[in-house]
Amino acid sequence: MPRHAFGGSSQPRWLFPFILVSLFLLSVLPLGRLAVTGILSLIRGGGDGLLSDPALWTALWNTLTTSFFGMLVSVLLGGVFAILLTLFDIRGRGILGFLFMLPMMIPPQVTALSWIGLTGPSSTLLKAVGMAPPLGSPQPLYSLGGLALLLGVQNAPLVYLSLRAGLLALPRDGIEAARLSGASALQVMRDIILPLTLPGFAAGAAMAFVSNVGNFGIPAILGIPASIYTLTTLIYAKFASFGANTFGDISLLSGLIALLSIAGLLVEERVLSGRDYRIIGLSGRTAVFQLKAWRGASEILLWLVLVAILVMPFAALVASSLAPAYGVPLTLKTATTFAYQEVILRQAVTRTAFANSIGLSLATAFGLLLITVLMGYVVARSRRRLAAVISALADIPYALPGIVLAVACILLFAAPLPLIGVSIYGTLWILLFAYLSSFLAVSLRPIASAFRQLDPSLEEAARLAGAGFGRRMRDILGPLVAPAAGAAVILVFLIACNELTVSALLWSAGTQTLGVAIYNLDDSGSFNLASALSVLVVAMVVVMMVLLELMANRLPKGVVPWRS
Amino acid sequence: MAQLILNHVSKDFGTGKPAVTGVSLNIREGGFLALLGPSGCGKTTVLRMIAGFEQPSDGEIFLGEWRLADVNAMVPPEKRNMAMVFQSYALWPHMSVAENVGYPLKVRGVGRAARDRKIREALEAVRLEAYADRRPADLSGGQRQRVALARCLVTDPDVVLLDEPLANLDRHLRQEMEETFREFHARSGASMIYVTHDQAEAMALATDVAVMAEGRLLQLASPQEIYARPEGRLVGGLIGQGAILHLAWPVGADRALEWPALQACFGPKPGAHLADVLVRPQDVVISDEGLDVVVETAVFEGERHALRLRLPDGQTLRAFSRRPVTVGERIRVVIRSAWRL
């Protein structure tokens, strides 16, 4: 009976080539194209013009200073929250942690808008309470300091998460042993906890720095009006005033951003290597230290910080969205839902943006699901080294700032597609491609970790039961990774819906997204409409985060980014 | 159904040391073979090659005339008509007990009515009819084990593989499950291969026992034969809780010796050839004459005392005693029989 089949591998023949082709298209091709253009441009002396341009050096200086001071703000905020919420007996730790994580998921342009609404002479909120500075005084946030502050607030959760992971991994019996040997709380802090959590601190700081370097929404809204350019907004400006050298210039600029990011990521990788997360998982942990008399004061401090960085800006945003016109005082009588009606019902631009963003995000989330379920399976079943290569290739487009990927996509699709001769430039398809590439890692991580947690014998039992690959996927593996897949869909949708950086470079008339619409509305002076749209976006973010929070207990560890 | 043949099967994972080397086995139709060996001896790899999860790097596997696997090709597990009970049971947590048991039938396209009947029969056979609609998570360890068995029953497989199925159960449940396995074997008529590191389990269940160590097959025989005539030090150490002594065995003597012929082996004989000799504790009898020994440890086990005894030359013996003895006491023992390995 010659009933031979393929070799020992349990995977169909097409699976591995499919994974390779996906990775090539979504990761290697765009970034490779960018690298080639950048290098060619350097060889042809394209760099000379750019290097002699003082705007470049100013932008680089601005990027480095705002990123550095933003990082300090993040370290301060994230550090205080992580230490107090993880190690001390603060009440309401769950809700405090959840609220502190919100800025990370709120799009940066919305953060920037809400803070503008909070400060400055025309703040509706300040006017309503009669505390607005006199007209004509400058908006204090349109400055390097303002940029750094907001970058710091936006990325403080990164430091919080990284540090918290380190703190949770602390061997608890080690701390107890130190206390039994007679060390005071302060000595335990200094001798045991600090040395063990330093890597988490450093890694979080590095992540915040990288994220600051690549941020576009905050410098776009706060910097451009004051002619303060960072590297990302310089790319945007150069692209807007399209010229002969534009492609060479923007590829070199994004190469520079990529290099800065890689340097930061290497620092992170370096300090985290050797840190073992496997000791996490002690359930039912309670606080290590009692604050005693300081507890009340600490809780008030934490809540005050949250009021300052979250509640007040958001209140200002809501106030701005309800104001009849920019600068008109807001009272209960003058409050109007005009702006909401306008953005939801009347403005064609915002309605198109809603349709585009939601459609694109759904297509991205579900399109990626098809790829990442198969990729996650391959990652979990491959040898360790191959799995690491696949994960790394999927990670790179997400780890690099969005602006880098956007430039790569522009270079890749500026010319019509080979063979079919159709150009996708300026259509929704280029945005879809960029989103697929950018958020591949977001979708892959939860699904791959769900596959890794599955006992391989569950699949082996299905094979002996006679189920082929498709059948096993449908009946056994699919249902078992479904919670993680659901989380992946929500996460990708959430992030894609709020995306600004990639879309800002890739959109054209008719393909604007929500992020672009908010930016354009603000740019054209319709601050109340921009605010109303932002409030809707924040509401959507909160709903989805709550949804994920409710699913969290059924998900593998580390899937929900704000829970560690 | 036909006999399962492993012909010189090897497996090398590329780790420097092959996991399995040149194992040849015939499992007769309807036989019950126990693969016995210490952990890491390659027995699970042999089982996984029979199932089709691993491809041999040398040798062939046949089911009757059907070539299941060789170095170049193999039939995937889903086409082999085998079934397996995994150490972790591998029940699918999102399906009910009935769905778990019926899944192999569903995959084979068996109609609803026939499927329900077979599921009911299989669950009756393992006395779990009342649990059909429960989820695996709601069952105890022994019940999960029986669901896994029922899942093997439904498809009338040619070969049933069991990978340390009792390792996660407590001692009381083990005996009950052994009984279930025997029933299961009688009922299904399938060839069964049972991997275990527990010799008592292997003896109690199997019609044939294959002892493995370090990737090699050391001995294949019936339980009685392997107990009475173990080959070599490794098998001797695994089978029965005997002590292995180095003794000066008379040249040309039988492999089995009895008292008083044995007494001669214990005297100091410089230059004599030393052989590995297996002495089981039940053959060591406390007596007024015989060898002088010192009691090293004495553990009360309920029905008897288990003793460790030191011979004058420093080697240790194991023995059972019905009366209590004290540690350090000097007693005399007679060895009724011993087996040269």
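Sequence positions are assigned chain by chain, starting from 1 and proceeding in written order. Each chain gets a letter, beginning with A, and each ligand a number, beginning with 1, in the order they are written. Selection of residues for local features in this predicted model requires a pLDDT of at least 70, selection of side-chain atom pairs for listing and counting requires 80 or more, and totals for whole chains, interfaces and linings are taken over all residues. As a rule here, side-chain values cover all heavy atoms of the structure and leave hydrogens and water aside.

### Description of the domain arrangement of chain A
All names here are of chain A.
Then, number 1: Residue ranges assigned to each domain were obtained from an automatic or database domain assignment. Each domain of chain A was delimited in the assignment, giving domain 1 (11-34 + 340-553) and domain 2 (46-278 + 286-329).
Then, number 2: The C-alpha-based centres of domain 1 and domain 2 are spaced at 24 Å.
Then, number 3: One speaks of a salt bridge when a side-chain nitrogen belonging to Lys or Arg is within 4 Å of a carboxyl oxygen belonging to Asp or Glu. In this structure, the connection of domain 1 to domain 2 is made through zero salt bridges.
Then, number 4: Helix and strand assignments come from DSSP, with helices taken as H or I runs of at least 4 residues and strands as E runs of at least 2, each series counted from the N terminus. Residue contributions to the side of domain 1 that touches domain 2 peak at 14 residues, all from helix H23 (residues 527-551).

### Here we look at the pairing of strand S1 (residues 4-11) of chain B
Then, number 1: The sheet contact formed by S1 of chain B and strand S2 (residues 20-27) of chain B spans five bridges and is antiparallel. Within the sheet, the bridge partner assigned to Ile-5 of chain B lies in S2 of chain B and is Asn-26 of chain B. Two strands make a pair as long as DSSP finds a minimum of two bridges between them.

### Describing the sheet that holds strand S4 (residues 58-63) of chain B
Residues and elements named next belong to chain B.
Then, number 1: Spatial ordering of the open sheet is given by S2-S1-S4-S5, a layout of four strands whose pairing is antiparallel. Across the chains shown, the open sheet's two edge strands, defined by having one partner strand only, are S2 and strand S5 (66-69). Within this sheet the neighbouring strands show an average axis-to-axis angle of 25°, counted without direction.
Then, number 2: Pairing geometry for S1 and S4, over five bridges, is antiparallel. In the strand pairing of S4, Leu-6 is matched with Ile-61.
Then, number 3: Residues count as neighbours in contact if any of their non-hydrogen atoms are within 4.5 Å of one another. Helix axes are fitted only over the stretch in contact, all axes being lines through C-alpha atoms; the angle between N-to-C directions runs from 0 to 180 degrees. Against the sheet, helix H1 (residues 43-51) touches S1, S2 and S4, its axis set at about 120° to S1.

### Here we look at the interface of chain A and chain B
Then, number 1: The partner chain B presents 30 residues to the 25 residues of chain A that form the contact.
Then, number 2: Across the chain A/chain B interface, buried area totals approximately 2,500 Å², and carbon plus sulfur atoms make up 60% of it.
Then, number 3: Taken together, chain A and chain B are joined by three salt bridges.
Then, number 4: Of the charged contacts in the structure, one is a salt bridge between Glu-78 of chain B and Arg-463 of chain A, with a shortest N-O distance of 2.9 Å.
Then, number 5: Whenever a nitrogen or oxygen atom comes within 3.5 Å of another N or O atom, the pair is scored as a polar contact, on the condition that within protein one atom can donate a hydrogen and the other can accept it, and that pairs from neighbouring residues in sequence are kept only if both atoms are in side chains. Where chain A packs against chain B, one counts nine residue pairs in polar contact (both at pLDDT 80 or more).
Then, number 6: Looking at the side of chain A that touches chain B, the elements that each hand over two or more residues are helix H19 (456-464) and helix H20 (469-497) of chain A.
Then, number 7: Looking at the side of chain A that touches chain B element by element, the count peaks at seven residues for H19 of chain A.
Then, number 8: Split into classes, the residues belonging to the side of chain A that touches chain B amount to twelve nonpolar, six polar and seven charged. When two parts are put together, the accessible area they lose, computed with a 1.4 Å probe and summed over both, is reported as buried area. In this count, Pro and Cys sit with the nonpolar residues alongside Ala, Val, Leu, Ile, Met, Phe, Trp and Tyr, while Asp, Glu, Lys and Arg are called charged and the others, Gly among them, polar.

### Digging into a nonpolar patch on the surface
Then, number 1: Each patch is built from salt-bridge-free residues with over 30% relative accessible area, joining like charges within 9 Å and nonpolar side chains (Val, Leu, Ile, Met, Phe, Trp, Tyr) within 5 Å. Areas reported as accessible are Shrake-Rupley estimates using a 1.4 Å probe. Residue values count occlusion only from the protein chains shown. There is a patch of nonpolar side chains on the surface, built from Val-21, Phe-24, Leu-25 and Val-28 of chain A and spanning about 320 Å² of accessible area.
Then, number 2: Type-normalised accessible area, obtained with a 1.4 Å probe on protein chains alone, sets the label of each residue: buried when under 20%, exposed when over 50%, and partly exposed for intermediate values. Look at Phe-24 of chain A and you get partly exposed, because its relative accessible area is 42%.

### Section: the packing of helix H3 (residues 54-87) of chain A against helix H12 (residues 246-272) of chain A
All names here are of chain A.
Then, number 1: Viewed as axis vectors pointing N to C, H3 and H12 meet at an angle of 25°, and their least axial separation amounts to 13 Å. The angle between H3 and H12 places the two elements in the roughly parallel class. In this structure, H3 crosses over H12, and the sense of that crossing is right-handed. Between H3 and H12, the contacting residues are Leu-56, Leu-60 and Leu-64 on the first element and Leu-253, Leu-256 and Leu-260 on the second.
Then, number 2: Class assignment of the residues belonging to the contact of H3 with H12 gives a composition of six nonpolar, no polar and no charged. Roughly parallel covers angles under 35 degrees, roughly antiparallel covers those over 145, roughly perpendicular covers 65 to 115, and oblique covers all other angles. The handedness criterion is simple: a crossing whose near helix is rotated anticlockwise from the far helix by less than a right angle is left-handed, and one whose near helix is rotated clockwise is right-handed.

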